[in-house]
Amino acid sequence: MTLALAYMLPWITGTAWMAWVESFSSREPGVNWPRALGYGFFLGNFICAAALYLVHAWSEQLSVFMVTAVMTGLSLLGILLTWHRYRRQGVFIARHTRVDGGSKWLFFLLSALIVLHLALAAVDVLSRPLTPWDAWTTWTYRAKIWFLNQELSPMVGPGSWLATMDPGTYTINAFAYSPLVSLIQLWPAQALGAWSDSLAILPGTLAGIAIALGLYGQGRSLAWPPLMMLAAVYMLLSMPLLDTHLALPGYADLWLAGFAGLGFVALLQWTQSRDQGQLVSGLLFLILGVLIKREGVLWFLAGTLYIMLYLLPWKLLLGIAIAAVLLVISGHGLLQLPLLGQVGYADGVLYLAHLGVYPLRVQNISAALATNLFFHASWGLLFFYMLGALLLLLLPVCAGIRSAVLWFVLLISVVITFMFFLSAEGRWLQDNTAFNRIVLQMSPALLFSLLMTWRVLISYLHGSDERSGP
């Protein structure tokens, strides 16, 4: 099996099924191919990793042939189902790059810059040794062990490792991390039949391409101009921290940006289009984000609350909030949920099931927050733009998007407040380490919410009645 096919097969599988999901949308004829390709990359890599895991569990071997057969079968089934849905409509390809004559040269220039940007990132990946810390201590290290042993060797804590005599058992500091990213990195090596650090982490750079496609497709689904969306893609890919993760992939945060970040983009789009397909896609991707990294649980909870804020009457929401406060005050704010464990609050401690137990400890790290968002080079001008957008939301013309953007920003702020202002994890913010990687996970959605504000203002200034899309 060629390496190129190994990279493309998950992408083809995921795209086929995302195209099938697209077929249920009543908003636009044909498949929104940029969106299907972008979201399909992440869905396909999840399916491939799951196939590797399940084939090993069933056969006790990492069989390339069996995984390839499963992926090929799923691809063909997805293609057949999509074709069956669209053959009666007579439209299979929706155009999303129609540009007026005067803007074509700028469109092609931006396209060339984006391609060059991504090509240089790929050159970095292929020419440098493995350097990202979490990659060579956790994600890629684990994938390499699995490849060399040709089995999914268990990872345990140091105490259990010292107590066992099994030479096939290993230990790492992050032994409890989800295996999904390591399985994604394992697949190219299995297909090639040889280990290469660079080729194992190259899908991380491809993930950047997929995020860009997903963002572009979502904007075009709201009839936002192609040139505007291409400029947004360039803005996203040139964010210094995201750019670093493209050139030095191996962390799980870029993958969580694809799952949880694009999941929130789908929910933001749904608030404007009311396309139920995007509601389903957004919720699905937030659920899959839980399997990437522990922070995915927080983004899933935030996304679920975001949906509730839109679907439930405000009186019911107020009643739920009051009931939650009364439970905490009465000492019954801690629940034992099946499969999840303890969830809730009691005696100054927050219990979040598999996320762990967090004693609440207020920390004054406002200065560190401002430094990381506004004065370090990680984000360029993104958060200056976000501040401006929040002020612009006060204008009457922004009434149609105000609640969508404000609730999103509020929920993101709540997650950050909990993680850094109310727990010992505030040290991540003070020493400028993991905090920005948490923000990176939401970077596609942050940019999309900014674009929602800009689009409304642009439409208003051009005398259009459009406020948030068709």
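See the structure above.
Described below are features of the structure shown in this document. (Residues numbered from 1 in each chain as written. Predicted model: local features only at pLDDT ≥ 70, side-chain atom pairs only at ≥ 80, totals over all residues. Heavy atoms only, no water.)

**Some words on unusual backbone geometry**
1) Next: The backbone of Glu60 sits at a positive phi, close to 60 degrees, despite the residue not being glycine.
2) Next: Among the secondary structure elements, Glu60 is positioned in the loop between α2 (33-59) and α3 (64-86).
3) Next: Take Glu60: its relative accessible area is 68%, and that puts it in the exposed class. (Helix = DSSP H or I, 4+ residues; strand = E, 2+ residues; numbered from the N terminus. Buried < 20%, exposed > 50% of the residue type's maximum accessible area, 1.4 Å probe, protein only.)

**A closer look at a nonpolar patch on the surface**
1) Next: Residues Leu106, Leu109, Leu113, Leu116 and Leu120 make up a contiguous nonpolar surface patch of about 450 Å² in total accessible area.
2) Next: Take Leu106: it is sitting in helix α4 (residues 104-127).
3) Next: Of the residues examined, Leu106 reaches a relative accessible area of 43% and is grouped as partly exposed. (Patch = residues over 30% accessible without salt bridge, like charges linked within 9 Å, V, L, I, M, F, W, Y side chains within 5 Å. Areas by Shrake-Rupley, 256 points an atom, 1.4 Å probe, with all protein chains shown as cover. Salt bridge = Lys/Arg side-chain N within 4 Å of Asp/Glu carboxyl O.)

**Quick look at the packing of α2 against helix α7 (residues 180-192)**
1) Next: Where α2 meets α7, the axes come as close as 9 Å, and the angle between the chain directions of the two elements is 90 degrees. If you check the angle between α2 and α7, you find them roughly perpendicular. Contact residues: Asn45, Phe46, Cys48, Ala49, Leu52 and Tyr53 in α2; Leu180, Leu183, Ile184, Leu186 and Trp187 in α7.
2) Next: When grouped by side-chain class, the residues that make up the contact of α2 with α7 number 10 nonpolar, one polar and no charged. (Axes fitted to C-alpha atoms, helices over the stretch in contact; angles between N-to-C directions. Parallel < 35°, antiparallel > 145°, perpendicular 65-115°, else oblique. Contact = heavy atoms within 4.5 Å. Nonpolar A, V, L, I, M, F, W, Y, C, P; charged D, E, K, R; others polar.)

**Points about the pattern of salt bridges**
1) Next: Per the counting criterion, the structure on display carries six salt bridges.
2) Next: Note that Arg35 and Glu22 form a salt bridge whose closest N and O atoms lie 2.6 Å from each other. Of this pair, Arg35 sits in helix α2 while Glu22 sits in helix α1 (residues 3-22), and the two are 13 residues apart along the sequence. Across the pair, exposure class does not vary: Arg35 and Glu22 are buried alike.
3) Next: Between Arg437 and Asp134 there is a salt bridge, with the nearest N and O atoms lying 3.7 Å from each other. Taken together, the residues span a long stretch of sequence, with Arg437 in helix α19 (residues 435-440) and Asp134 in helix α5 (residues 133-149) at a distance of 303 residues.
4) Next: The exposure class assigned to Arg437 is buried, which follows from its relative accessible area of 17%.
5) Next: Beyond isolated ion pairs, a larger network of salt bridges with shared partners links Asp134, Asp253, Lys293, Glu295 and Arg437.

**Considerations on the side chain of Asn32**
1) Next: Position of Asn32 among the secondary structure elements: in the loop between α1 and α2.
2) Next: Residue classification places Asn32 among the buried residues on the basis of a relative accessible area of 0%.
3) Next: Within the structure, the side chain of Asn32 is placed 2.9 Å from the backbone oxygen of Gly217, a separation counted as a polar contact. (Polar contact = N/O pair within 3.5 Å; in protein donor to acceptor, adjacent residues only side chain to side chain.)

**Re the side chain of Ser281**
1) Next: Looking at the element boundaries, Ser281 is found in helix α12 (residues 276-289).
2) Next: What Ser281 contacts, discounting residues up to four positions off in sequence, is Met18 and Val21.

**Some remarks on α4**
1) Next: Here α4 contains 24 residues, and its C-alpha end-to-end distance of 34 Å stays within 8% of the 34 Å for a straight helix at 1.5 Å per residue.
2) Next: By the burial criterion, the buried members of α4 are Phe107, Leu110, Ile114, His117, Leu118, Ala121 and Val125.
3) Next: On the buried face of α4, the contacting elements are α8 (197-221), α9 (226-237) and α10 (240-247). (Expected span 1.5 Å × (residues − 1).)

**Comments concerning the environment of Ala207**
1) Next: Counting through the fold element by element, Ala207 comes out in helix α8.
2) Next: With relative accessibility at 0%, the residue Ala207 sits in the buried group.
3) Next: Residues Ala207 and Gly168, 39 residues apart in the sequence, show an inter-C-alpha distance of 32 Å.

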